[in-house]
Amino acid sequence: MEDCIFCKIVDGSLPSEKVYEDESVLAFKDLHAQAPVHLLVIPKKHISSIREIGEEDGPLMGKIFAAINQLAKEYGLADKGFRIVNNCGDEGGQTVYHIHFHLLGGRSLTWPPG
Ligand code: DGP
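Keep in mind that this is a model prediction, so the values were computed, not measured.

1. Focus on the UniProt feature "active site" (unreviewed entry) in the protein
Step number 1: Taken from the UniProt record, the annotation "active site" (unreviewed entry) applies to His100.
Step number 2: Along the chain, histidine 100 turns up in the loop between β4 (83-85) and β5 (101-105).

2. A look at the sheet that holds strand β2 (residues 25-29)
To summarise the sheet geometry, strands pair through backbone hydrogen bonds and adopt either a parallel or an antiparallel arrangement.
Step number 1: In space, the 5 strands of this open sheet follow the order β1-β2-β3-β5-β4, with antiparallel pairing throughout. Both outer strands of the open sheet, β1 (18-21) and β4, are each paired with one neighbouring strand and no more. Taken over all neighbouring pairs, the strand axes of this sheet differ in orientation by 20° on average, direction set aside.
Step number 2: Pairing of β1 with β2, which is carried by 3 bridges, proceeds in the antiparallel orientation. Counterpart to glutamate 21 in the pairing with β2 is leucine 26.
Step number 3: Against the sheet, helix α2 (residues 58-74) engages β1, β2, β3 (37-43), β4 and β5, with an angle of about 160° to β3.

3. Details of the site of the ligand
Step number 1: Around the ligand lies a shell of 16 residues, among which Lys29, Asp30, Asn87, Thr95 and His102 are the nearest.
Step number 2: Coverage of the ligand by the protein chains reaches 84% of its 510 Å² of free accessible surface.
Step number 3: Contributing elements (two or more residues each) for the shell around the ligand: α1 (5-11) and β2.
Step number 4: Among the elements that take part in the shell around the ligand, α1 stands out by supplying 3 residues, more than any other.
Step number 5: Its residues assigned to classes, the shell around the ligand shows 7 nonpolar, 7 polar and 2 charged.

Rules used in this analysis
- Residues numbered from 1 in each chain as written.
- Predicted model: local features only at pLDDT ≥ 70, side-chain atom pairs only at ≥ 80, totals over all residues.
- Heavy atoms only, no water.
- UniProt positions renumbered as here; feature names shortened; annotations may be inferred.
- Helix = DSSP H or I, 4+ residues; strand = E, 2+ residues; numbered from the N terminus.
- Pairing = 2+ DSSP bridges.
- Axes fitted to C-alpha atoms, helices over the stretch in contact; angles between N-to-C directions.
- Contact = heavy atoms within 4.5 Å.
- Near = heavy atom within 4 Å.
- Areas by Shrake-Rupley, 256 points an atom, 1.4 Å probe, with all protein chains shown as cover.
- Nonpolar A, V, L, I, M, F, W, Y, C, P; charged D, E, K, R; others polar.

What follows is the structure, encoded as structure tokens:
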């Protein structure tokens, strides 16, 4: 989608540090890391937020979580623990309206979030 920075990362017109890619999912390092490991896992297809997910996206969401599990293992987080965050909407803290899942780990994470 035009003017979507994550679509531009998907099509390569904006640079990113890619850490995973398949035909429908991409993961890259967050520009403003909040933890030693902070990755963003996104569908290549433009979905603006969790509110736009339909039943037909079930297999795609399964692929996203398979990629998350693979990355958690690769980055040594699987046994120690990690956090998946999805911010939805303005009050949810969403700033980029292309759905993405933050994978955070590598330190003890506190709760509740701010
Ligand atoms: P959220 O607030 O949940 O919408 O998170 C958006 C995240 O995207 C935020 O942690 C910073 C990150 N981000 C924003 N622009 C870029 C970019 O151009 N490249 C990368 N790698 N990350 C970005």
